[in-house]
Structure formats: structure tokens, C-alpha cells
Amino acid sequence: MRIHLVEVDELPKQLLTSEVEEYEDWGVELRDLTPPKGLRRWIIYDDLTLVGNMSAHPVSYGPNESSVCMNIGISVLAQFRGQGVGSAAQRILAQTLHLEGVVRIEASTDVGNLPEQKALRNAGFRFEGVLRSAQVRRSGRHDLQLWSHLALDI
Ligand SMILES: CC(C)(COP(=O)(O)OP(=O)(O)OC[C@H]1O[C@@H](n2cnc3c(N)ncnc32)[C@H](O)[C@@H]1OP(=O)(O)O)[C@@H](O)C(=O)NCCC(=O)NCCS
């Protein structure tokens, strides 16, 4: 497996039309959502094969620039899951953003999303706690786990 990321401005159509499932079902078409300010996107490739996509957007914990971290998200195409892609890609994106000078990288995931929790741990992220009733999807309001990767963790 040779996972690498390519930053893009927009996702290709084949990713936007792929099947929507529980943890990514916002109850509206993804393209109808206003993207968070500062959103960046990457395509995940295994050699030349497109296997998924990632994003990162800034989250601020204070009025100064040093208090801004990046929150990352990931989706691996169903046929490529369980092969280590999610673990490798999240480790690579954390390292990429640290090299750009981002000290704190966050990822949040549903308390029931065991594959993502395992992938984050494999990628070197640490569990920080639970964000109660933080996310609303088509299925209702959900608690999220918050994970982080610090530049010191490399
Ligand atoms: C979550 C996701 C990104 C993980 O990617 P992945 O490529 O499958 O992850 P990996 O192959 O690196 O697997 C990570 C761990 O999860 C386990 N796993 C993968 N799929 C699983 C499943 N369906 N059920 C249980 N465990 C699973 C793997 O065995 C591995 O465990 P290990 O550390 O004990 O070996 C992927 O499943 C996905 O895109 N899911 C849908 C979208 C989503 O939930 N995104 C995250 C939203 S926060």
C-alpha cells in the first residue's frame, strides 16, 4: 500500500455521488451545505487508485492566530475500508499540517464510530473526551469523541 494525498479545490463528482451512510448523513445533499471558512480538501490515493478524501478546517480557541487549530475529516470509499487506508492517511495529513506549522490537529467522531476511533489511535491521535450532543445528523443529535494530534506527538 502506498498512500498519498493530493490537495484539491473541489472534490470530483464520483466522490460527491458515492453512497451516503450513517456517520456522513447530514439530512441534506452535501453540496448544499455551506463549507466552513478556510476548508481545505485532499484526495487520498493508493498508488494511482482514488480511495477516499479528507478535509481540514480551522477551529479557533481564542482571538489570536496561535489559538487556531485544524479539525480534520475523512471518508474512505467502502470497497477500500479495513485495509489500513484511514490509519495511514490521517497520520500523513497530521504530519503534513504539522510541517506547515499547525501545532494542534483535532478530529471528532461519533461515540459509536469504532473504525474511525481505531484509525485515529493507529494514526497517533490521542482521545481527549466526549463532546455531549455536539452533532446533528439525519438520525438525530449525537455525542462526539474529541481526539487530537500535537506536533510534539510526532
Ligand atoms: C472510518 C474510516 C475512515 C476508517 O477507514 P479505514 O480505511 O477503514 O481504516 P483502517 O483500515 O485503517 O482501520 C482502522 C481500524 O478499524 C477497523 N475497522 C475497519 N472497518 C471496520 C468495521 N466495519 N467494523 C469494525 N472495525 C473496523 C480495522 O480493522 C482497524 O482496526 P485495528 O486497528 O484493530 O487493525 C472508514 O471506515 C470510513 O470512511 N467510514 C465512513 C465515513 C466515516 O465514518 N468517516 C469518519 C467520520 S468522523
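For the structure itself, look to the data block above.
Everything in this summary refers to the structure shown in the same document. (Residues numbered from 1 in each chain as written. Predicted model: local features only at pLDDT ≥ 70, side-chain atom pairs only at ≥ 80, totals over all residues.)

**What to know about the overall build of the protein**
Each helix and strand in the protein was counted, giving three helices and seven strands. Taking 2.2 N^0.38 as the reference for a compact globule, 154 residues should give roughly 15 Å; the C-alpha atoms of the protein span a radius of gyration of 15 Å, in line with that estimate. For the protein, the spread of C-alpha atoms along the three principal axes comes to 40 × 35 × 30 Å. Evaluated residue by residue, the protein yields a buried proportion of 21% over its 154 residues. Sequence-distant contacts, at least 24 apart, represent 59% of the contacts inside the protein between residues at least 6 apart. (Helix = DSSP H or I, 4+ residues; strand = E, 2+ residues; numbered from the N terminus. Rg over C-alpha atoms; globule rule 2.2 N^0.38 Å. Buried ≥ 20, exposed ≤ 12 C-beta atoms within 10 Å, placed from the backbone. Contact = placed C-beta atoms within 7 Å.)

**Overview of the nonpolar core**
With 22 residues, the main nonpolar core has Met 54, Ile 72, Ala 89 and Leu 93 as its most contacted residues. Those elements that place two or more of their residues in this core are β2 (40-46), β3 (49-60), β4 (68-76), α2 (85-99), β5 (104-110) and α3 (114-122). Top element by residues in this core is α2. It accounts for six residues. Beyond its immediate chain neighbours, meaning those up to four positions away, Leu 93 contacts Leu 5, Trp 42, Met 54, Ala 56 and Ile 72. (Core = buried A, V, L, I, M, F, W, Y, C linked by C-beta atoms within 7 Å.)

**Some points on the site of the ligand**
Neighbouring the ligand are 21 residues, the closest being Arg 81, Gly 86, Ser 87, Glu 116 and Lys 118. At the level of elements, β4, α2 and α3 are the ones that each hand at least two residues to the shell around the ligand. Per-element accounting of the shell around the ligand gives the leading share, six residues, to α3. Broken down by class, the residue content of the shell around the ligand amounts to seven nonpolar, ten polar and four charged. (Near = placed C-beta within 6 Å. Nonpolar A, V, L, I, M, F, W, Y, C, P; charged D, E, K, R; others polar.)

**Comments concerning the environment of Asn 53**
Residue placement: Asn 53 occurs in strand β3. Sequence separation between Asn 53 and Asp 153 is 100 residues; the distance between their C-alpha atoms is 24 Å. In this view, Asn 53 contacts Leu 11, Leu 15, Arg 41, Trp 42, Ile 43, Ile 44 and Ser 75; residues no more than four positions away in its chain are not counted.

**What to know about unusual backbone geometry**
Trans peptide bonds make up most of the peptide bonds, and negative phi angles are found at most residues other than glycine. Here Asp 47, not a glycine, exhibits a phi torsion of approximately 55°, which is positive. Secondary-structure assignment places Asp 47 in the loop between β2 and β3. C-beta crowding within 10 Å serves as the criterion here: with 9 such atoms nearby, Asp 47 is assigned to the exposed category. A positive phi is found at Ser 133, a non-glycine position, where the angle reads about 50°. On the secondary structure map, Ser 133 appears in strand β6 (residues 126-137).

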